[in-house]
Amino acid sequence: MHDDRSLVESRLKRVLDERIRPAVYPESVPLEVSIWTAPGEPVPVAEGLAAPRTPIAAGDAWGAPWGTSWLTVAGTVPEAWAGRTVEALIDLGFDANMPGFQCEGLVYRPDGTPVKGLNPRNQWVRIAAPAAGGEQVLLHVEAASNPVILDYHPFLPTELGDRETAGSEPQYRLERMDLAVFDETVWQLVMDLEVLGELMAELPADGARRWEVLRAVERALDAIDLQDVNGTAAAARSQLAGVLAAPAAPSAHRISAVGHAHIDSAWLWPLRETVRKVARTTANMTALLEDEPDFVYTMSQAQQYAWIKEHRPEVYARVKKAVAEGRFVPAGGMWVESDTNMPSSEAMARQFVHGKRFFLEEFGVENQEAWLPDTFGFTGGLPQIIRNAGSKWLLTQKISWSQINKFPHHTFLWEGIDGTRIFTHFPPVDTYNCSMKGSEIAHAARNFKDKGVARHSIAPTGWGDGGGGTTREMVAKAARLRDLEGSATVRWERPAAFFEKAEAEYAHPPVWVGELYLELHRATLTSQARTKQGNRRSENLLREAELWSATAALRTGLPYPYRELDRIWKTVLLHQFHDILPGSSIAWVHREAEATYAGLAAELEALIARAQRALAGDAAGGRDLVFNAAPHARSSVPAGGAAAPTAALPGSAGSGSGCTVAARPEGGFVLANGLLSVTVDADGLVTSVVDTANGREAVAPGTRANLLQLHPDFPNMWDAWDVDQFYRNTVTDLTEADEVAVVHESDDAVTVRVARSFGSSTAVQTLTLRAGDRRLDIDTEVDWHETEKFLKAAFPLDLHTERYAAETQFGYLHRPTHTNTSWEAAKFEACNHRFVHLEEPGWGVALVTASTYGHDVTRTVRDTDGGTTTTVRFSLLRAPRFPDPRTDQGLHRFRHALVPGAGIADAVREGYRISLPERRVTGSAEAVRPLVEPDHDALVVSAVKLADDGSGDLVVRVYEAHGGRARGRLATSFPLAAAVPCDLLERPWDGTRGEVTADGDGVSLALRPFELVTLRLTPAAG
C-alpha cells in the first residue's frame, strides 16, 4: 500500500479547521451589547449591575489597562430554534493562545447570581437545552481588561505592570457577541477527530494501530458532506466508533487526571485581580462538575478559598457543596503555594498550620499531600515540616524545568536533612496545565522513569497560571482516553487516590537525599530586595510578638492578641507566594507588598511594645531592662527573657579587651579588640582578619574581603527569575573609594566608614568592631540606579574545604565548594537563611546575614603558596527590567557579619543575633524570667506562643540546630501540669522520634540531628 499518511493528515487538519469546527454553531444572531466602565478599582456586584449602560458593538475598543467594564448582553431566542441547544458566545477580544494572561469575564444573571467565567478557551454560556422560541436572554459580564504582560515577544520591559504607569489606551476590541445554536453531534465529532488525530501522530509509523486509525479517519472524512456537515456528522462518527472502542493494552501507563487550575496568587496581575480570577475559575469548575459526573477538580491554597468566601459567597456556597460531595478537592494543606527556599522555619510550618486548619474547619478535610507544582526548588528542611503537619506525600512538576540535569525519578522517597522521608511524585506529563492533548499523554507514558516497577502517574489538567481550569473539551478527550488502544489510560481521580495507588504498587522506591534544587530561576533569591527584607522583618517581629505576648499573658494576665496575630501571619504567608517573595511579579505587586510590610511592622511593633511594657512595669521605675528574643543568652540576658545587663553569661561572645584603632602609614586602619585584629586598607577593603586566640588569618593571602563586585546581568530569558552562569565572565571590582574614615572610636566599639561611587549609584559601608565580640559587623547602604547589573559582596577566605553549610528550615544543609559533576556545577547560586559556615577541622568561619538569601561559593588554588582560597559572595541587588522595569531602584540597607574562629554553634548563634536585636525598656521590674529555657546550646527554641485554641496552654517548638545528637532539659519558669508532644497543628502526636519526658518544672529532651519537636505545655493550676 502506498504511504498516504501525510495526505490524510493534512486533509483532516483542513476539514476540521474550515468545515467541522465552524459547524459546531451552525446558526447565530447578534446580541445587543451595552457597557459601563468603572472609574477606578472594581466595584461591588450590585453597583456594577445597576450602573447605566451605553451601546457598544463588536469591533469597538474597550478596556483601559487594569480597568473593569460591565457589559450587558441581551437577545431573543428565534422561534425556529425551539427545542434546540442555545448558547451565548461572548468574545471579549480574546487571543486563544493566552488563557489566563489577558482580559477575562465573570457572567451574572440579572439577580446577581454568578454563572461562569469567560476566557479565551471558554467563551460560551449555556442558555437553554432545549430552548423555547421567543425566550428572552439577559446576562451581565464583569469584564477585566488586564493587559498582556508576557507577550509573544516575551520579557520586553513594559510599563503596563502597574496601574500608576500603564496609561489609559484601550487594550481590546469586542469580537463575536452572538446567540447561537450548539450542535452537540458536530462537537462530539470534533472531539473524536482531535483525539484520534493526536493519537495517530504519537504512534509508530510501522505499527498496525496507526494505520487502523488513519483508515477510520479517512472513512469519516469521506462520510462528511462538506456542504452539510451538521446533517452528516452522525454518519462520520459511526465510522470512528470501532477504533475508539478498541481497549488499551494491559501494560499501558495509567494516568490519574485531576481537574486543576494553578492560579498564581499574584504574578502578572495584582492580588486584587487574583481574587476575581479565583471566582471566575471556581464558578466554571463547579458548573462543569454538575455537567460531568466523572470529573474531579482540585484546588490548593487556602487563601484562595478564603477570598471567595469573603468576596463571592454565592460561588463559595457552590464550592462547599461540591467539596462535601467529594468532587471539588482542597489540596496541599498550605495557606498559599509558597516559595520554600526563603521562608523561615516558623513561616514554613505556619503555611501548613493555617492551610490545613482552614480546610479542617471549613470542610472537615485533612490533607495528606503537599501540592506545590510550580515552586522554584525545595529546601531540605521541608520533608520534616510536611510530616510534622500530619501529611505524607508531595507533588511538584517544576524540577522538570531544570536546565542542565534530568532528574532520575518520577516517583521516589525524598529524604530531608533530619532523615524524614516523604513519598514524592513528579508528573511525567511535565506540565501542571495538561490539556489532554495526545502529545501530552504520550509524553507522560514515554517519559515516566519508573517503568517496570511502577505504572501510575498524575496529570493536573486545566488552564492555569492565570486560571481558567478544565474545559468541557478536556473532559470529553479524557473520556475517549479512558481505555483506548495505543494510549495511556486516563481516569479522573482525587490526588489521594492516586498517591494511595502509586504508594501501594511501589514498595521500594529510590531515595533522593537533600534539597530538590531547581537548576533555573536562581535569581529569585535576590530580585526585589525590599520584598525579601519585608518578609524577613515580619518573620522576626512575629517571633517577638508571640514570645513577649505569651510571656505577658502568663506573667501579668495581659490578653493574648490571638486575632491580630492570626491575621498578620496570614498576610505574611500570602506574601511568601512563589511569585511574590521571589521577586518575579509586576511592579504593582511589589509596590503594594512594600506598603503592606510597613503596615505590619507598625502593628507588630505596637504588640511588642504593649507586652514589654506590661512585663517591665512602671516606666518611672527607672531600671533599664534589655529584652532578648534570641534563643541564646547574650549581654547577661537569658534567651527569651529580660534583665539589666551586668557581666557576660556563659555562651556569649567572649571577653577580649577594649577596642583600639590605629592608622596605617600606607593608608587605612587596624581595628583590634583583643579577640580580632582587622586591617582595612586605603581603599576601604579588608585585607586581614586575624583570630587572635588561634593566631589564624581568615582572609586569603593576596586578596581583599568585603569587596563589592558588579556583573552584567542579562539572562537569556526570565529576567527577574534567572541568572545565567555566563554572568561571571565579566566582573568589575569596586575598589575606588570616595572616603575611608574612622567615624566612631571608643573602648566599646570602633567604626570605619567607606563610601564609593559607581555608575549612577553609590555605596556606603560601615565596618564595626565591638568590645567582646569575635565578629566584624558590616552595614551596607546602596543607592542603586543601575539596570541589568548584579551586585555582590565577596569574602575570599583562607580555608580548604570541599563543602560548606547553609542554614535552612530547622537546621542546615551541606553543599559542595567544587564542581566535580554537572549537578554540583549547576548550583552556582544557592539559598541560605541567616548563615553560611565553612571550616577545616578545628577552625571555621561564619558569614551571617540579616536579610539576604542568594549567595555563591567557589574555590581556587593559589599559585603563590599552593593554599586554597574559598570565596563566599552574598548577592545584594539585581536590576532586571521584566516584569518590573524599575526593579530595586533606590535606597537599600543590608547587614552582614564576618565571624572568624566560628564553629557551627557560633554560626547559629550569630545568625539569630543579627536578626533579633536587643530591645531596651525602662521599667520597675528587676528581670523577666524566660518562660522556657533549654540547658543545651543545640536545643534551639524557634517559637514560644499560646495555643491557638485559646486554652491557655503554652506551645514551644524546639529543634536540634547543630546537626548532632542533643540531650538536655527545657526548664519552665512556671509549675508544669502536663507536657504533650504535638504536631504543627498543636494536636497530640506520636510522630516525634526523640525522647520527651516531663516533670514538675521542665521537660527532658533527647533529639536526633535536626529533629523538630512541638510541645504543648499546660501550666499547673494556681
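None of these values were measured; they are calculated from a predicted model.

1. Side note on the overall build of the chain
At step 1: Secondary structure assignment for the chain yields 18 helices and 54 strands.
At step 2: Expected size for 1022 residues packed as a compact globule is a radius of gyration near 31 Å; at 31 Å, the chain falls within 12% of this value.
At step 3: Dimensions of the chain, computed from the C-alpha atoms along their principal axes, are close to 100 × 70 × 60 Å.
At step 4: For the chain, the residues scored as buried account for 63% of the 1022 residues in total.
At step 5: Sequence-distant contacts in the chain: of pairs separated by 6 or more residues, those separated by 24 or more amount to 74%.
At step 6: Of the roughly 35,400 Å² of accessible surface on the chain, 51% is carried by carbon and sulfur atoms.
At step 7: In the chain, 103 positive and 134 negative side-chain charges are present, and the distance between their average locations comes to 3 Å.

2. What to know about the packing of aromatic side chains
At step 1: Applying the stated criterion across every chain yields a total of 42 aromatic pairs.
At step 2: Relative to Trp269, the ring of Phe101 has its centre 6.0 Å away and its plane inclined at 65°; by these criteria the two rings are edge-to-face. You can see Phe101 sitting in the loop between strand E6 (86–90) and strand E7 (104–108) and its partner Trp269 sitting in the loop between strand E13 (254–259) and helix H6 (271–291), a full 168 residues away along the chain. Judged on exposure class, the residue Phe101 and its partner Trp269 are both buried.
At step 3: Ring geometry for Trp548 and Phe627: centres 5.0 Å apart, planes at 90°, overall edge-to-face. Of this pair, Trp548 sits in helix H14 (residues 529–556) while Phe627 sits in strand E23 (residues 623–628), placing them 79 residues apart in sequence.
At step 4: According to the relative accessible area criterion, Phe627 is buried, its value standing at 1%.
At step 5: Here the aromatic cluster, defined as three or more aromatic residues joined through ring pairs, consists of Phe295, Tyr297, Tyr305, Tyr316, Phe328, Trp335, Phe358, Phe359, Phe363 and Trp492.
At step 6: Above the plane of the ring of Phe182 lies Arg472, whose end atom (NZ or CZ) is 4.6 Å from the centre.

3. Focus: unusual backbone geometry
At step 1: Cis geometry marks the peptide bond from Ala129 to Pro130, where omega comes out at 5°.
At step 2: Here Pro130 shows up in the loop between strand E9 (124–128) and strand E10 (136–145).
At step 3: For the peptide bond that leads from Phe882 to Pro883, omega is 5°, which places it in the cis range.
At step 4: When you line up the elements, Pro883 lands in the loop between strand E43 (868–878) and strand E44 (890–900).
At step 5: The residue Phe155 is not glycine, and still its phi comes out positive at about 70°.
At step 6: Phe155 sits in the buried class, given a relative accessible area of 12%.
At step 7: In this model, Asn706 sits at a positive phi of 55°, which is unusual for a non-glycine residue.
At step 8: The residue Asn706 is located in the loop between strand E29 (696–697) and strand E30 (707–712) in this model.

4. Things to note about helix H9 (residues 345–363)
At step 1: Between its first and last C-alpha atoms H9 spans 27 Å; for 19 residues at 1.5 Å apiece the expected length is 27 Å, and the two agree.
At step 2: Within H9, 17 of the 19 residues are buried, leaving the element largely enclosed by the surrounding structure.
At step 3: Note on H9: the residue one or two positions beyond its end, Gly364, has a positive phi of about 70°.

5. So, the side chain of Asp374
At step 1: Mapped onto the secondary structure, Asp374 falls in the loop between strand E16 (369–371) and helix H10 (382–388).
At step 2: Among the polar contacts made by the side chain of Asp374, one reaches the side chain of His262 at a distance of 3.4 Å.
At step 3: There is a polar contact of 2.6 Å between the side chain of Asp374 and the side chain of Lys398.
At step 4: Not counting chain neighbours up to four residues away, the residues in contact with Asp374 comprise His262, Asp264, Lys398, Tyr432, Asp465 and His578.

6. Let's talk about the sheet that holds strand E39 (residues 830–831)
At step 1: With antiparallel pairing, the 6 strands of this open sheet are ordered in space as E31-E30-E36-E43-E42-E39. Every interior strand has two partners, whereas the edge strands, strand E31 (732–733) and E39, have only one.
At step 2: Relative to E31, E30 is paired through 2 bridges, and the arrangement is antiparallel. Looking at the pairing, Gln709 lines up with Asp733 of E31.

7. Observations regarding the packing of H9 against helix H15 (residues 562–574)
In helix packing, the relevant descriptors are the interaxial angle and the interaxial distance, both defined with respect to the helix axes.
At step 1: Contact pair H9 / H15: the axes reach a minimum separation of 10 Å and the direction vectors enclose 110°. Taken together, the axes of H9 and H15 lie roughly perpendicular to each other. In this structure, H9 uses Glu346, Ala347, Arg350, Gln351 and His354 to contact H15, whose residues at the interface are Asp566, Trp569, Lys570 and Leu573.

8. Observations concerning the nonpolar core
At step 1: Residues Ile20, Val217, Phe328, Leu954 and Leu1017 are the most contacted members of the largest nonpolar core, which totals 249 residues.
At step 2: In contact with Leu954, other than residues within four places in its own chain, are Ala550, Leu931, Val932, Val944, Lys945, Leu946, Phe974, Leu1015, Arg1016 and Leu1017.
At step 3: Ala763, Leu791, Ala793 and Val872 belong to the second-largest nonpolar core, a separate cluster that totals 48 residues.

9. A short note on the pattern of salt bridges
At step 1: Tallying each qualifying case throughout the model produces 85 salt bridges.
At step 2: Where Glu104 meets Lys277, a salt bridge forms, and the shortest distance between an N and an O atom there is 2.4 Å. With a gap of 173 residues between them, Glu104 in strand E7 and Lys277 in helix H6 connect regions that are remote in the sequence. For the pair shown, Glu104 and Lys277 are each scored as buried.

10. Considerations on the pairing of strand E37 (residues 803–808)
A regular strand carries its side chains on alternate faces of the sheet.
At step 1: Judged by how many residues are buried, E37 sits mostly within the fold: 5 of 6 residues are covered.
At step 2: Bridge analysis of E37 against strand E38 (residues 811–816) gives 6 bridges, and the strand direction is antiparallel. Residue pairing in the sheet places Tyr804 in a bridge with Arg815 of E38.
At step 3: Between E37 and E38, which follow one another and run antiparallel, lie 2 residues, and Phe810 among them has a positive phi close to 55°.
At step 4: Where E37 lies against strand E40 (residues 835–840), 2 bridges are found, and the strand directions are antiparallel. By the bridge assignment for E40, Ala806 is matched with Val836.

11. Overview of helix H3 (residues 184–202)
At step 1: With 19 residues, H3 should reach 27 Å at 1.5 Å per residue; the first-to-last C-alpha distance of 27 Å fits that figure.
At step 2: When you tally the buried positions in H3, you get 14 out of 19 residues, the bulk of the element.
At step 3: Put simply, Asp183 is the residue that caps the front of H3, since its side-chain oxygen is 3.0 Å from the backbone nitrogen of Thr185.

12. Describing the packing of helix H8 (residues 313–324) against H9
At step 1: Contact geometry for H8 and H9: axes closest at 11 Å, N-to-C directions at 85°. Here H9 runs roughly perpendicular to H8, going by the angle between their axes. Taken together, the residues of H9 that come into contact with H8 (itself represented by Tyr316, Lys320 and Val323) are Phe358, Glu362 and Phe363.

13. Some details on the environment of Ala879
At step 1: For Ala879, the position within the fold is in the loop between E43 and E44.
At step 2: Here the alpha-carbon distance between Ala879 and Glu788, two residues 91 residues apart in the chain, equals 4.7 Å.

14. Focus: the sheet that holds strand E50 (residues 966–972)
At step 1: Spatially, E47-E50-E53-E52 is the arrangement adopted by the 4 strands of the open sheet, whose pairing is antiparallel. Of all the strands in the sheet, the pair left with one neighbour each is strand E47 (932–934) and strand E52 (995–999). Recorded for the sheet is a direction-independent mean angle of 20° between the axes of neighbouring strands.
At step 2: For E47 and E50, the ladder comprises 3 bridges, and the chain directions are antiparallel. Within E50, the position partnered with Val932 by the bridge is Thr972.

15. Here we look at the environment of Leu573
At step 1: Note that Leu573 resides in helix H15.
At step 2: Residue Leu573 is classed as buried on the basis of its relative accessible area, which comes to 0%.
At step 3: Distance from Leu573 to Asp339, taken between C-alpha atoms, is 9.9 Å for residues 234 residues apart in sequence.
At step 4: Non-local contacts of Leu573, meaning those with residues more than four positions away in its chain, are made with Trp335, Val336, Ala347, Arg350, Gln351 and His354.

16. As for the confidence of the model for the chain
At step 1: For the chain, per-residue confidence averages 96 on the pLDDT scale, and 99% of positions sit at 70 or higher.
At step 2: Note on residues 647–653: pLDDT under 50 across the span, and 12 contacts to partners over four residues away in sequence or across chains.

Quick notes on the rules
Residues numbered from 1 in each chain as written. Predicted model: local features only at pLDDT ≥ 70, side-chain atom pairs only at ≥ 80, totals over all residues. Heavy atoms only, no water. Helix = DSSP H or I, 4+ residues; strand = E, 2+ residues; numbered from the N terminus. Rg over C-alpha atoms; globule rule 2.2 N^0.38 Å. Buried < 20%, exposed > 50% of the residue type's maximum accessible area, 1.4 Å probe, protein only. Contact = heavy atoms within 4.5 Å. Areas by Shrake-Rupley, 256 points an atom, 1.4 Å probe, with all protein chains shown as cover. Lys, Arg positive; Asp, Glu negative; His and termini not counted. Charge placed at Lys NZ, Arg CZ, Asp CG, Glu CD. Phe/Tyr/Trp six-rings, centres within 6.5 Å; stacked < 30°, edge-to-face > 60°. Lys NZ or Arg CZ within 6 Å of the ring centre and 35° of its normal. Expected span 1.5 Å × (residues − 1). Polar contact = N/O pair within 3.5 Å; in protein donor to acceptor, adjacent residues only side chain to side chain. Pairing = 2+ DSSP bridges. Axes fitted to C-alpha atoms, helices over the stretch in contact; angles between N-to-C directions. Parallel < 35°, antiparallel > 145°, perpendicular 65-115°, else oblique. Core = buried A, V, L, I, M, F, W, Y, C linked by side-chain atoms within 4.5 Å. Salt bridge = Lys/Arg side-chain N within 4 Å of Asp/Glu carboxyl O. pLDDT = per-residue confidence, 0-100.

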